[in-house]
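# A structural walkthrough
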Amino acid sequence: MEKKISSAVIKRLPRYYRYLSELLDKGIDRISSGELSRQMNVTASQIRQDFNNFGGFGQQGYGYNVEVLKNEIGKILGLDRQYRVVILGAGNLGQALANYAGFEKRGFHIVGIFDVDKKKIGNMVGTLRVLDMAELTDYVKDNRVDIAALTLPKSKAPEVANKLMDIGVHAFWNFAATDLHLPDNVAVENVHLAESLMRLSYNIANIPHS
């Protein structure tokens with residue numbers, strides 16, 4: 001039986017990947033768990049436990065080869081693949097996602113953006129022309145779509161997600177203000193920006209005052 005990795009470990013993996021990428025950019029090719037823990041503010045024992053879920057990667061007395069570790073974590077995260085992403089909703093958030101160059105570097109290729117607003121349809125967002133949502137079903141049937149990013153009103157998101165799921169899309173990056181509840185064979189990442197801001201507000205309110 002395959003070992004189940006905890007969600008807490010999975011949440012830390014992209015952060016490890018980001019830090020290792022920054023170390024490589026600085027020309028650092030080797031690092032110990034202790035050094036990595038000081039930079040990331042995660043205990044060295046936690047780092048070792050996390051990596052041991054996947055076989056360890058380190059060598060006693062040597063530490064970690066930064067490039068090898070980054071590549072291995074990239075494979076675990078599926079970053080050795082290329083993903084085709086469509087954005088549903090060409091409002092401010094949808095346009096910001098479409099214009100962010102960092103996704104392309106990680107293998108996430110924004111290939112289409114759709115909206116129902118006649119004033120937006122036909123406009124250019126970066127190199128993409130906004131398409132009519134009415135064309136979405138045919139587009140997905142004619143083109144490989146790996147991930148649908150939903151920047152829709154919450155009342156529309158479940159309906160659109162279920163429609164896309166029925167025609168073969170099995171991963172959703174959901175920015176709508178509602179959680180999607182889909183079958184276990186569908187990957188969903190619910191992103192709540194307002195909740196993140198509220199957590200920040202809590203932390204501000206609870207900063208110790210000298």
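Here, every reference points to the structure presented above.
Read on for an overview of the structure. (Residues numbered from 1 in each chain as written. Predicted model: local features only at pLDDT ≥ 70, side-chain atom pairs only at ≥ 80, totals over all residues. Heavy atoms only, no water.)

Moving on to the overall build of the chain. Scanning the chain from N- to C-terminus turns up nine helices and 10 strands. Taking all 210 residues of the chain together, the buried fraction comes to 39%. The contacts of the chain with a sequence gap of at least 6 include a subset with a gap of at least 24, amounting to 53%. For the chain, the computed accessible surface area is about 13100 Å², with 50% contributed by carbon and sulfur atoms. (Helix = DSSP H or I, 4+ residues; strand = E, 2+ residues; numbered from the N terminus. Buried < 20%, exposed > 50% of the residue type's maximum accessible area, 1.4 Å probe, protein only. Contact = heavy atoms within 4.5 Å. Areas by Shrake-Rupley, 256 points an atom, 1.4 Å probe, with all protein chains shown as cover.)

Our focus in this paragraph is unusual backbone geometry. Positive phi outside glycine occurs at N41, with the angle close to 60°. Within the element layout of this structure, N41 appears in the loop between α2 (33–40) and α3 (44–52).

Here we come to the sheet that holds strand β3 (residues 83–88). As summarised here, the arrangement of the six strands in space is β7-β4-β3-β8-β9-β10, forming an open sheet in which the pairing is parallel. Both outer strands of the open sheet, β7 (131–132) and β10 (187–190), are each paired with one neighbouring strand and no more. Across the sheet, helix α5 (residues 92–99) touches β3, β4 (108–115) and β9 (171–174), and the angle it forms with β4 is around 155°. (Pairing = 2+ DSSP bridges. Axes fitted to C-alpha atoms, helices over the stretch in contact; angles between N-to-C directions.)

This next bit is on the layout of surface pockets. When its volume is computed, the largest pocket comes out at roughly 1900 Å³. As for the largest pocket, its lining consists of 36 residues, and the residues nearest its centre are I10, P14, L77, F108 and E189. With eight residues, the top contributor of residues to the lining of the largest pocket is helix α1 (residues 7–25). By residue class, the composition of the lining of the largest pocket is 23 nonpolar, four polar and nine charged. Estimated volume of the second largest pocket: approximately 350 Å³. Lining the second largest pocket we find 18 residues, and of these V116, M133, L152, K156 and V160 sit closest to its centre. For the lining of the second largest pocket, the secondary structure elements donating two or more residues are α5 and α8 (157–166). A class-by-class count of the residues in the lining of the second largest pocket yields nine nonpolar, five polar and four charged. (1 Å grid on protein atoms, 1.4 Å probe; cavity = no way out; pocket = protein on both sides within 12 Å on 5 of 7 lines; lining within 4 Å. Points joined across faces, edges and corners; volume = space filled by probe spheres on them. Nonpolar A, V, L, I, M, F, W, Y, C, P; charged D, E, K, R; others polar.)

Applying the stated criterion to the full structure yields seven aromatic pairs. Judged by centre distance (5.1 Å) and plane angle (10°), the rings of Y83 and F108 are stacked. Here Y83 is found in strand β3, whereas its partner F108 is found in strand β4, with 25 residues between them in sequence. Pairwise contacts between aromatic rings join Y100, F103, W173 and F175 into one cluster. (Phe/Tyr/Trp six-rings, centres within 6.5 Å; stacked < 30°, edge-to-face > 60°.)

Moving on, we get to a nonpolar patch on the surface. Side chains of L197, L200, I204 and I207 sit close together on the surface and give an oily, nonpolar patch of about 400 Å² of accessible area. Looking at the secondary structure, you find I204 in helix α9 (residues 193–205). Relative accessible area serves as the criterion here: at 53%, I204 is assigned to the exposed category. (Patch = residues over 30% accessible without salt bridge, like charges linked within 9 Å, V, L, I, M, F, W, Y side chains within 5 Å. Salt bridge = Lys/Arg side-chain N within 4 Å of Asp/Glu carboxyl O.)

With that settled, consider the nonpolar core. Within the largest apolar cluster, 22 residues are counted, with the highest numbers of intra-cluster contacts made by L88, L150, L164 and F172. Counting residues per element, the ones that place at least two in this core are β3, α7 (136–142), β8 (147–150) and α8. At five residues, α8 tops the list of elements feeding residues into this core. In this view, F172 contacts A148, L150, A161, L164, M165, L180, L182, V186, A187, V188 and E189; residues no more than four positions away in its chain are not counted. (Core = buried A, V, L, I, M, F, W, Y, C linked by side-chain atoms within 4.5 Å.)

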